[in-house]
Amino acid sequence: FFFSLTGTDARLRVVGGPSPPGHVGSPYKRNQSSVMDPSESTGPGSSKRRRVLVGCLLTEKKQRHLNFPAIRRAAAAQGVDLEVLEEGWFQDGDNGTACEQQQDATRKARYDFVVHKLTDQICRAQAGDATAADFLASVEARRLRLVDPLDAVRCLTNRSQTCRVVKGCEFQHGGRHVRCPAFLELQPRSDLKTLGTQLDQLGIACPVIQKPLAAHGSKAAHEMSIVLSDADLYRQLKPPCILQQYINHSGRLFKIFVLGSRCFVEARPSIRNLDCKDAEAAGPVLHFNSHDISKPHSNSDLNQPGAAAVEPLQLLSQELIEEIAKVYRTTLGLSLFGVDVVLGDASQDVFVVDVNYFPGYAGVPDLPGEFTRFLLEQSYVSQDS
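Worth saying up front: this structure is predicted, and the values here are computed from it rather than measured.

> Just checking my understanding: could you explain the overall build of the protein for this structure?
If you tally the helices and strands in the protein, you get 13 helices and 17 strands. Burial statistics for the protein: of 385 residues in total, 52% are counted as buried. Within the protein, contacts between residues separated by at least 24 positions form 71% of all contacts whose residues are at least 6 apart in sequence. Accessible surface for the protein amounts to roughly 17,500 Å². Of this, 50% is attributable to carbon and sulfur atoms.

> Would you mind going over the pairing of strand 13 (residues 252–259) with me for this structure?
If a strand is regular, its side chains alternate between the two faces of the sheet. Burial of strand 13 is extensive: eight of the eight residues sit out of reach of the surface. Both faces of strand 13 are covered, namely the face carrying Arg252, Phe254, Ile256 and Val258 and the face carrying Leu253, Lys255, Phe257 and Leu259. Counted along the chain from strand 13 to the antiparallel partner strand 14 (residues 262–269), the turn is two residues long, and its residue Gly260 has a positive phi close to 65°. Examined bridge by bridge, strand 13 and strand 16 (residues 336–343) share six bridges and lie antiparallel to one another. Bridge assignment links Val258 to a residue of strand 16, and that residue is Phe337.

> What is the right way to look at the pairing of strand 3 (residues 52–57) in this model?
When you tally the buried positions in strand 3, you get six out of six residues, the bulk of the element. Bridge analysis of strand 3 against strand 4 (residues 80–84) gives five bridges, and the strand direction is parallel. Directly across from Val52, in strand 4, lies its bridge partner Val80. The sheet contact formed by strand 3 and strand 5 (residues 113–116) spans four bridges and is parallel.

> How should the sheet that holds strand 10 (residues 208–212) be read in this particular structure?
Strand-to-strand pairing in sheets goes through backbone hydrogen bonds, with the strands running parallel or antiparallel. With antiparallel pairing, the five strands of this open sheet are ordered in space as 9-12-10-11-15. Strands at the two margins of the open sheet, each flanked by one partner only, are strand 9 (183–186) and strand 15 (285–289). Strand-to-strand, the axes of this sheet are offset by a mean angle of 20°, without reference to chain direction. Across five bridges, the pairing between strand 10 and strand 12 (residues 241–245) is antiparallel. Within strand 12, the residue paired with Val208 across the bridge is Gln245. Contacting strand 9, strand 10, strand 11 (223–227) and strand 12, helix 7 (residues 159–168) runs over the sheet at an angle of about 150° to strand 9.

Conventions adopted
Residues numbered from 1 in each chain as written. Predicted model: local features only at pLDDT ≥ 70, side-chain atom pairs only at ≥ 80, totals over all residues. Heavy atoms only, no water. Helix = DSSP H or I, 4+ residues; strand = E, 2+ residues; numbered from the N terminus. Buried < 20%, exposed > 50% of the residue type's maximum accessible area, 1.4 Å probe, protein only. Contact = heavy atoms within 4.5 Å. Areas by Shrake-Rupley, 256 points an atom, 1.4 Å probe, with all protein chains shown as cover. Pairing = 2+ DSSP bridges. Axes fitted to C-alpha atoms, helices over the stretch in contact; angles between N-to-C directions.

See the structure below:
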């Protein structure tokens with residue numbers, strides 16, 4: 001369904017999604033003997049149904065971004081208890097006696113599922129960090145139901161892999177193309193002698209945006225640059241990275257937040273239109289941190305003032321946004337992710353410029369209530385599987 005929000009930022013809209021689990025029209029079956037239906041809950045002390053227990057493997061920073069205490073209170077009122085897990089929790093009991101290990105396994109089996117954001121650890125493990133690799137192996141060895149599976153999350157920690165996913169998800173909807181900007185992966189040992197030929201074959205020309213290959217794991221993962229001059233491109237290369245065609249999009253980006261069966265869309269500030277002629281005034285290269293560009297109240301020199309003050313559904317249809325969420329939900333096998341799209345000025349095509357796991361959902365109306373709805377969805381999936 002779709003409705004206009006009142007009392008919230010007019011740029012954000014709720015798009016799509018069934019009724020809450022257990023309600024009329026919901027695709028999620030009720031398990032009468034186990035999980036509490038929110039419509040029947042009488043508060044945190046209710047004993048009508050078994051309460052759902054969810055482990056949360058989230059950093060303190062992530063908890064702050066989500067306003068975790070508010071989510072925990074909202075969830076508890078609907079029969080879902082959230083417990084924050086420390087990383088050491090997964091190693092506890094590994095070296096005890098057989099009896100102690102059995103007790104540990106029984107204790108950990110109490111959790112219906114575990115919600116996590118382990119993208120930093122995944123990137124560090126991929127970079128050769130043995131501690132991170134051991135921790136992830138310990139998590140997977142527990143055989144808990146992870147929301148979402150680590151293998152599904154891994155493809156979003158490498159920008160080249162993400163671009164390949166986006167390329168494979170290209171489709172048309174209502175005469176409009178949804179596609180991936182042309183890109184090229186560069187490794188430290190890539191043959192730069194053929195770079196010009198490769199870029200020509202792919203149709204990539206300045207302005208070109210350079211992004212680190214690793215999407216998480218360090219501050220450097222978010223340090224990017226836009227090269228405005230062909231003559232300076234070679235001097236600015238910092239492999240491993242991807243080079244991606246910069247798409248002029250009137251300084252406006254649309255964030256599609258996917259939270260289980262529901263999705264939300266918000267217009268955000270983005271980088272203004274650029275031309276190679278800008279190199280004369282701004283210099284051949286523009287350096288920026290991606291965290292500074294597209295926050296709700298970003299005010300970077302690269303932003304275009306007022307560009308995000310639009311109604312998203314005047315430019316992107318409800319059906320198109322729902323279809324994008326559906327395609328990526330199905331392809332990735334994920335339930336917590338965001339899709340960043342821009343509308344190309346020249347073609348009016350929709351370009352998917354990023355897909356990220358478990359975003360902050362900043363601006364989503366009543367996030368505690370919506371996240372509780374998501375947890376209830378997952379609890380019904382858990383009981384029916």
